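Results of the structural survey
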Amino acid sequence: MVKSNEQYWLGIDCGGTFIKAGLYDAQFNEIHCVRQSLTIISSQAGWAERNLTDLWLVCVAVIKEVVQQSQLNPQDIKGIGISAQGKGLFLLDKQQQPLGNGILSSDQRALEIVKQWQQEGIPQQLYPQTRQTLWTGHPVAILRWLKQHQPGRYQNIGAVLMSHDYLRFCLTGQIAAEETNISESNLYNMQTGQYDESLAQLLDIAEIMPALPPIIQSADIAGYILPEVALQTGLAIGTPVVGGLFDVVSTALCANLTDEYTLNAVLGTWSVVSGITDHIQSQQTIPFVYGRYAIQNQFIVHEASPTSAANLEWVCQQLNIQDYQRINQLVSELPKAKSAVFFVPFLYGSNAGLGMQAGFYGLQSIHNQAHLLQAVYEGVMFSLMYHLQRMLERFPQTHTIRVTGGPAKSKVWLQILADLTGIKIEVPQIEETGCLGAAMVACQGVSQRPLTNAIKPKVIEIQPDPQAYSLYQQKYQKYQLLVRCLQTFNEQQHHFNLE
């Protein structure tokens with residue numbers, strides 16, 4: 001319930017498919033939350049874009065509705081933060097106007113460029129400075145593609161932003177790059193905490209350096225609500241807006257990661273496994289992705305791929321099934337890990353190599369919809385397991401996995417994860433981690449309230465089934481064999497295309 005003369009915090013979450021606005025009180029209880037879907041423009045195969053004007057108008061709409069529905073005095077909203085999907089590229093021209101559509105992290109137009117970089121050993125040269133891998137949706141890959149294919153647009157770039165940087169600019173008129181997100185751009189030196197021109201030179205995009213905005217931290221006040229924005233949204237003129245944060249960081253904050261014994265698994269469009277540390281391991285065999293965390297002197301370490309719940313949404317659309325309670329029931333009624341059907345969840349990208357694609361294998365006439373759905377559930381978790389196994393090398397003392405995202409609402413899906421890993425699963429009871437995390441950094445920036453242990457959410461525990469563990473381990477090994485075979489097919493198919 002809204003109270004007069006209380007402090008409230010507004011969090012905005014801009015994801016791959018939705019934008020949300022959530023209002024929170026001083027104890028971070030949710031007062032009201034509004035969401036609207038966002039349109040993805042796919043004008044060519046592999047392209048994933050967003051109209052920047054439309055994005056801003058939808059953002060205005062969710063803010064306006066949450067302010068109106070809450071019925072509070074806008075002056076009581078003391079600060080605003082934005083959490084957003086990472087990577088991608090949102091450009092302003094030299095007149096600070098949108099320069100074409102925003103390009104999302106799931107975009108794959110730069111596939112051939114990334115392949116070429118891999119052949120030249122560029123990722124290995126970048127890694128000691130950036131602590132990043134290279135992906136088609138990274139800003140540097142898209143920038144290199146623009147330089148090659150749209151040189152006029154490339155030459156007119158005035159500011160290189162990511163999605164929350166763009167929305168913050170729309171709210172305040174101020175241009176900046178927030179650190180938890182820009183630190184994973186391959187333009188940022190993880191040791192110095194600054195842009196590094198030598199990285200841009202190595203990637204043949206050195207011309208872009210003047211367009212890189214000043215770097216700000218998550219809780220830094222970046223600007224204030226403009227009068228025209230106040231008129232559009234119902235917010236108060238001059239309300240502070242902080243830097244915001246990468247949504248993976250937001251979920252880690254909400255999962256209350258405080259040590260190296262607990263990992264956070266995020267299940268949405270992307271499967272992400274994250275951990276928190278105060279140091280970078282220089283001697284390691286796996287190129288873990290590091291990023292700056294929202295808490296000073298800490299890093300977030302993560303493994304990720306776009307191989308998660310979006311695969312289920314696509315399959316359900318094709319099967320014309322939208323009742324997720326019914327889907328859970330169908331999957332739960334089948335024996336655990338006994339089906340011969342496999343699903344490779346690579347509809348939107350993979351963690352097994354560039355160009356890998358999705359598919360079912362093992363189908364026979366005895367199988368039905370339930371077997372297909374179970375295979376999707378298992379395939380998403382098998383893909384997550386790939387990242388988890390690697391992260392367990394970096395965090396070997398892990399005893400708990402905290403899970404957030406859409407599938408966290410499905411006890412059936414979570415039980416598969418517990419049975420597959422043999423590790424206790426905890427589900428923080430937070431509805432909107434993106435909005436809440438953004439509100440938390442807004443509170444920190446304006447009121448100087450520390451983020452450490454800012455919330456201690458209630459959790460639901462799911463224990464692994466020891467008997468199912470061995471069954472899932474056997475099926476996971478078969479899944480790995482299937483992926484290796486498909487990797488060979490993918491490589492041979494590429495050779496055929498070259499002939």
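Residues numbered from 1 in each chain as written. Predicted model: local features only at pLDDT ≥ 70, side-chain atom pairs only at ≥ 80, totals over all residues. Heavy atoms only, no water.

Next up on the list: the overall build of the chain. Assigned secondary structure in the chain consists of 16 helices and 24 strands. Its C-alpha atoms give the chain principal-axis dimensions of roughly 65 × 55 × 45 Å. Buried positions account for 59% of the 499 residues belonging to the chain. The long-range share in the chain, meaning contacts at least 24 apart out of those at least 6 apart in sequence, stands at 73%. (Helix = DSSP H or I, 4+ residues; strand = E, 2+ residues; numbered from the N terminus. Buried < 20%, exposed > 50% of the residue type's maximum accessible area, 1.4 Å probe, protein only. Contact = heavy atoms within 4.5 Å.)

Our next topic: the packing of helix 12 (residues 324-332) against helix 13 (residues 369-394). A pair of packed helices is characterised by two quantities: the angle between their axes and the separation of those axes. Two elements in contact, helix 12 and helix 13, have axes whose closest approach is 9 Å; the angle formed by their N-to-C orientations is 95°. Here helix 12 is positioned roughly perpendicular relative to helix 13, judged by the angle of their axes. Of the residues in helix 13, those touching helix 12 at I327, N328, L330 and V331 are A370, L373, Q374 and Y377. Tallied by class, residues from the contact of helix 12 with helix 13 come to six nonpolar, two polar and no charged. (Axes fitted to C-alpha atoms, helices over the stretch in contact; angles between N-to-C directions. Parallel < 35°, antiparallel > 145°, perpendicular 65-115°, else oblique. Nonpolar A, V, L, I, M, F, W, Y, C, P; charged D, E, K, R; others polar.)

What follows covers unusual backbone geometry. Unlike most non-glycine residues, Q96 shows phi in positive territory, near 65°. Unlike most non-glycine residues, N297 shows phi in positive territory, near 65°.

Bringing the pairing of strand 19 (residues 299-305) into the picture now. Looking along a regular strand, one sees the side chains alternate between the two faces of the sheet. Within strand 19, six of the seven residues are buried, which leaves it mostly tucked inside the rest of the structure. Both strand 17 (residues 271-277) and strand 19 contribute to a ladder of seven bridges, which runs antiparallel. Note that in strand 19 the partner of S274 across the bridge is H302. The sheet contact formed by strand 18 (residues 289-292) and strand 19 spans four bridges and is antiparallel. Bridge assignment links Y290 to a residue of strand 19, and that residue is V301. Between the end of strand 18 and the start of strand 19, which pair antiparallel, lie six residues, with N297 showing a positive phi angle near 65°. (Pairing = 2+ DSSP bridges.)

What follows covers a nonpolar patch on the surface. Together, I221, Y224 and V446 make up a nonpolar patch on the protein surface, roughly 250 Å² of accessible area in all. We classify V446 as partly exposed; its relative accessible area is 30%. (Patch = residues over 30% accessible without salt bridge, like charges linked within 9 Å, V, L, I, M, F, W, Y side chains within 5 Å. Areas by Shrake-Rupley, 256 points an atom, 1.4 Å probe, with all protein chains shown as cover. Salt bridge = Lys/Arg side-chain N within 4 Å of Asp/Glu carboxyl O.)

A separate point is the packing of aromatic side chains. Within this structure, the stated rule accounts for eight aromatic pairs. Between F343 and F360, the ring centres sit 4.7 Å apart and the planes meet at 45°, which makes this aromatic pair tilted. Pair noted here: F343 is in strand 20 (residues 342-344) and F360 is in strand 21 (residues 359-361), with a separation of 17 residues, a long-range link. Residue F360 is classed as partly exposed on the basis of its relative accessible area, which comes to 29%. Judged by centre distance (5.6 Å) and plane angle (45°), the ring pair of F382 and Y476 falls under tilted. Within this pair, whereas F382 is found in helix 13, its partner Y476 is found in helix 16 (residues 466-498), the two being separated by 94 residues in sequence. (Phe/Tyr/Trp six-rings, centres within 6.5 Å; stacked < 30°, edge-to-face > 60°.)

The strand order across the open sheet formed by seven strands is 18-19-17-16-22-23-24, and the pairing between neighbours is mixed. For this open sheet the edge positions go to strand 18 and strand 24 (459-462), each flanked by a neighbour on one side alone. Direction aside, the axes of adjacent strands within the sheet are offset by 30° on average. Sheet analysis places strand 16 (residues 262-267) next to strand 22 (residues 400-405), joined by six bridges and oriented parallel. Considered in strand 22, the bridge of V266 is made with T404.

Our next topic: the state of the cysteines. Tallied over the full model, the rule gives zero disulfides. Just so you know, C254 is unpaired, no disulfide at all, and the nearest cysteine sulfur is the one on C435, 9.5 Å from it. (Disulfide = S-S within 2.5 Å.)

With that settled, the discussion passes to the UniProt feature "domain: Carbohydrate kinase FGGY N-terminal" (unreviewed entry) in the chain. In this numbering, the UniProt entry assigns the feature "domain: Carbohydrate kinase FGGY N-terminal" (unreviewed entry) to residues 8-254. The span residues 8-254 is 36% helical and 24% strand by assignment, and the distance between its end C-alpha atoms comes to 18 Å. (UniProt positions renumbered as here; feature names shortened; annotations may be inferred.)

Our next topic: the side chain of E49. Its location among the elements puts E49 in strand 4 (residues 49-50). A polar side-chain atom of E49 sits 2.7 Å from a polar atom in the side chain of R109. The contacts of E49, once residues within four sequence positions are left out, are T39, I40, I41, N101, G102, I103, L104 and R109. (Polar contact = N/O pair within 3.5 Å; in protein donor to acceptor, adjacent residues only side chain to side chain.)

Membership of the largest hydrophobic core comes to 98 residues, with the highest contact counts inside it found for W117, I157, V160, V403 and I425. With 12 residues, the single largest contributor to this core is helix 13. If we ignore the near neighbours within four places in the chain, the residues touching W117 are I122, P123, L134, V140, A141, R144 and L203. With 40 residues, the next largest nonpolar core counts L38, I80, L104 and A230 among its residues. (Core = buried A, V, L, I, M, F, W, Y, C linked by side-chain atoms within 4.5 Å.)

Taking the numbering used here, the UniProt-annotated feature "domain: Carbohydrate kinase FGGY C-terminal" (unreviewed entry) corresponds to residues 263-443. The distance separating the terminal C-alpha atoms of residues 263-443 is 25 Å; by composition the span is 37% helix and 22% strand.

Right, let's talk about the packing of helix 2 (residues 111-119) against helix 4 (residues 139-149) for a bit. Between helix 2 and helix 4, whose axes approach to 9 Å, the crossing angle comes to 110°. Between helix 2 and helix 4, the angle is such that the two are roughly perpendicular. Taken as a pair, helix 2 and helix 4 cross one another with a handedness that is right-handed. Along its contact with helix 2, which presents I113, V114 and W117, the element helix 4 presents V140, A141, R144, W145 and Q148. When grouped by side-chain class, the residues that make up the contact of helix 2 with helix 4 number six nonpolar, one polar and one charged. (Left-handed = near helix turned anticlockwise from the far one by under 90°.)

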